[in-house]
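This is what each chain is made of:
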Amino acid sequence: MAQTSRPNSEKLGDLIAHRHAQLEDIRNPAESLMNEALAMTAPGRGIITSGDIIPGEKYGADVYDDVGIESLGIWADGLHSNHASPALNWFKFAFAKKELNKVQRLKIWLESVEEDIKAKLRKSNFYPQFNAFLRDGGSSGTASMWVDNNDRRGVTDIVVPHPREIFIARDKFGFVNTVHRLYKMTLAQARETFGESNLSDEMRQSLQSNPYTEREFVMGLYRNDDPMAQHWPALIRRREYVSAYIMLNGEQKQLKSGANDDGTLKKSAEDSLNPIIWGPRRNSDEVYYRSPAMDGIVAINRANTFGLLDMEAAQKFVNPSFMAPENLRGKISLVPYGGTYYRGTLAENQIQELFTPQLWQLTEEQRRILGQYVKNYFHVDLFQALFAGGVDDKVLTATQYLGRRDARATLMTPLLGGINFALTQFFEAYVRSEFKNGRLPAEPDELFELADASFDIEYIGPLAQAQRRLGASLNVESALEKLAPAAELFGPAITDGVDPYILADEIMDTSGLPEKIQIPFEKRLAKGKERAALQRAALEQEQANTDNPEVAIRQNVAKEILTMCNRWEGVDIQRYLNSLPRVLKEKEENE
């Protein structure tokens with residue numbers, strides 16, 4: 001447990017170090033399960049309490065079945081590819097006030113902002129970092145994402161800290177209101193972050209001798225109603241959050257030095273919570289999130305244990321334990337073509353197996369079942385259906401595939417709700433940063449005259465569309481199923497209340513048919529009227545022809561010819577045509 005005694009001074013730097021010790025105590029009970037989940041699903045990421053990490057060090061020595069690693073990869077890549085991929089048009093902006101979306105000048109401006117943001121995201125490191133963000137959430141449970149302006153690249157970039165670096169606290173509603181980040185930087189990075197003038201004398205001297213010397217820092221972020229915020233000027237406290245950086249003295253976790261009189265290296269403020277904190281789910285009485293890996297840790301450990309047993313059984317079968325006389329210690333060669341030499345009789349130097357091992361191995365079906373227990377926690381079947389168009393290696397029809405995919409997508413509703421909440425926080429910070437640095441189109445004058453010109457983000461990736469499609473299609477299918485038997489009993493008047501053109505629009509939209517291949521509603525309506533007019537004219541012509549015997553005979557001849565052409569083969573067509581009028585005339589005279 002960290003030391004939490006009250007600091008002797010009231011310097012802000014000492015207060016931040018003291019607060020950090022308290023936040024460490026809050027996270028301590030969750031670290032064991034977080035470590036276990038990381039070790040089994042993301043061993044390359046390193047565990048929470050691993051201390052000094054050696055870059056490039058080998059991980060995963062205790063993993064004997066990689067189903068957890070595989071499942072996390074499919075889960076994170078599936079969410080990324082089907083909800084926020086650079087290859088997709090996965091979000092769109094719209095004014096919160098619907099009437100503003102009908103003002104052409106404002107709509108054109110908002111669309112230009114949307115297109116610019118999409119281009120900026122492709123230029124920034126958002127997409128690769130977002131995948132790391134999802135993997136942290138799927139393994140350790142609690143993921144964080146920092147939004148920061150990168151002047152050198154002229155774009156807002158993303159930083160995804162390791163879960164071990166993040167310490168949080170929550171308000172009474174369960175929202176994160178305090179964030180500490182404990183991490184290491186080289187002195188060169190510290191100069192880039194704080195500016196050389198804000199470094200202490202000792203740091204500047206060390207910077208000259210070895211700029212790559214690492215030091216440990218704490219960033220503290222507090223909401224402006226926190227008592228800690230009183231140490232910031234009143235003007236800064238007008239913003240939603242205040243932050244400060246300090247440097248710690250090694251294992252003692254005490255303030256070491258800072259250029260400012262209060263022991264800090266840098267103080268600033270934020271308009272929103274930065275970093276964004278997210279996790280797949282959270283128990284109401286816990287501070288940190290839980291992940292699919294943490295929920296499925298029993299199934300993961302079971303698969304891993306059987307993987308170890310399978311390996312040990314194979315090793316024992318190939319290299320069984322043996323018993324030998326003491327005088328042969330160190331002289332027995334068990335390598336291929338190895339020879340063991342001894343004096344005396346064979347009976348005195350007999351080498352024997354301790355037991356006769358049996359070859360025990362898991363069958364493919366047993367492996368599949370053990371792996372499926374793990375995959376269920378990560379919704380692997382859903383993502384495989386999205387990728388391949390089939391489920392469990394069964395080829396489905398298009399209708400079956402879409403229906404099953406959309407139904408399974410509803411299982412992701414709680415997860416997508418949390419991701420969308422985090423993405424909305426991200427967009428607020430990202431758009432604010434781009435506007436602040438003058439990289440987006442200037443707001444029209446009309447916006448300044450409006451009381452509320454805010455805009456919402458709608459997520460329209462495949463997973464979001466699948467959920468909306470299922471809800472809408474179920475309503476349509478249910479209504480049609482109930483109308484069909486009623487129409488059989490009471491006639492077509494039952495369906496007169498359904499507009500076929502609007503129904504077709506609803507079915508095409510909920511089925512995800514691209515807008516560009518849909519015929520506009522007005523054109524379809526005009527085609528329908530033209531078709532109805534042609535049908536009426538054909539009926540009128542047919543009625544008029546029945547009153548003229550010669551026309552009727554010609555029509556009957558044409559019908560007979562069509563029937564013959566469609567059904568008969570090997571017939572003398574000329575002879576048949578010559579005889580047909582005479583046969584039909586005789587038939588009518590007889591009638």
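Residues numbered from 1 in each chain as written. Predicted model: local features only at pLDDT ≥ 70, side-chain atom pairs only at ≥ 80, totals over all residues. Heavy atoms only, no water.

**Here's the deal with the side chain of Thr178**
As for its position among the elements, Thr178 is in strand β5 (residues 176–186). Classification of Thr178 by relative accessible area gives buried; the value is 4%. Within the structure, Thr178 has its side chain in polar contact with the side chain of Asn177 (distance 3.4 Å). Sequence-distant contacts of Thr178, that is, excluding residues within four places in its chain, are made with Arg19, Leu23, Phe167, Ile168, Ala169, Leu221, Tyr222 and Asp226. (Helix = DSSP H or I, 4+ residues; strand = E, 2+ residues; numbered from the N terminus. Buried < 20%, exposed > 50% of the residue type's maximum accessible area, 1.4 Å probe, protein only. Polar contact = N/O pair within 3.5 Å; in protein donor to acceptor, adjacent residues only side chain to side chain. Contact = heavy atoms within 4.5 Å.)

**Overview of helix α4 (residues 104–123)**
Over its 20 residues, α4 extends 29 Å from the first C-alpha to the last, a length consistent with the 28 Å expected when each residue adds 1.5 Å. Listed as buried for α4 are Leu106, Trp109, Leu110, Val113, Glu114, Ile117, Lys118, Lys120 and Leu121. (Expected span 1.5 Å × (residues − 1).)

**Some points on the packing of aromatic side chains**
Here the distance between the centres and the angle between the planes together describe a pair of aromatic rings. Scanning the model with the defined rule gives 23 aromatic pairs in all. Ring geometry for Trp90 and Phe91: centres 4.8 Å apart, planes at 75°, overall edge-to-face. Comparing Trp90 with Phe91, the two get one shared label, buried. For Arg170, the ring lying beneath its charged end belongs to Tyr289, and the centroid distance is 4.8 Å. Here the guanidinium or amino end of Arg181 rests over the ring plane of Trp146, the centre of that ring lying 5.5 Å away. (Phe/Tyr/Trp six-rings, centres within 6.5 Å; stacked < 30°, edge-to-face > 60°. Lys NZ or Arg CZ within 6 Å of the ring centre and 35° of its normal.)

**Points about a nonpolar patch on the surface**
Taken together, the side chains of Phe173, Phe175 and Phe421 present a nonpolar region at the surface, about 370 Å² in accessible area. For Phe421, the position within the fold is in helix α13 (residues 413–436). (Patch = residues over 30% accessible without salt bridge, like charges linked within 9 Å, V, L, I, M, F, W, Y side chains within 5 Å. Areas by Shrake-Rupley, 256 points an atom, 1.4 Å probe, with all protein chains shown as cover. Salt bridge = Lys/Arg side-chain N within 4 Å of Asp/Glu carboxyl O.)

**Comments concerning the pattern of salt bridges**
Where side chains of opposite charge bring their charged atoms close, a pairing between them can arise. Evaluated as defined, the whole model comprises 22 salt bridges. Here Glu115 and Lys118 are joined by a salt bridge, their closest N and O atoms 3.9 Å apart. Of the two residues, Glu115 and Lys118 both sit in helix α4, three residues apart, roughly one turn of that helix. Glu115 gets classed as partly exposed once you look at its relative accessible area, which sits at 45%. Judged by its relative accessible area of 10%, Lys118 is buried. Residue Arg223 is joined to Asp225 by a salt bridge in which the shortest nitrogen-to-oxygen separation is 3.2 Å.

**Here we look at the side chain of Glu165**
Within the secondary structure, Glu165 sits in the loop between β3 (155–159) and β4 (166–170). A residue is classified by how much of its surface remains accessible, and Glu165, at 14% relative accessible area, is buried.

Shape descriptors only; they carry no functional weight alone.
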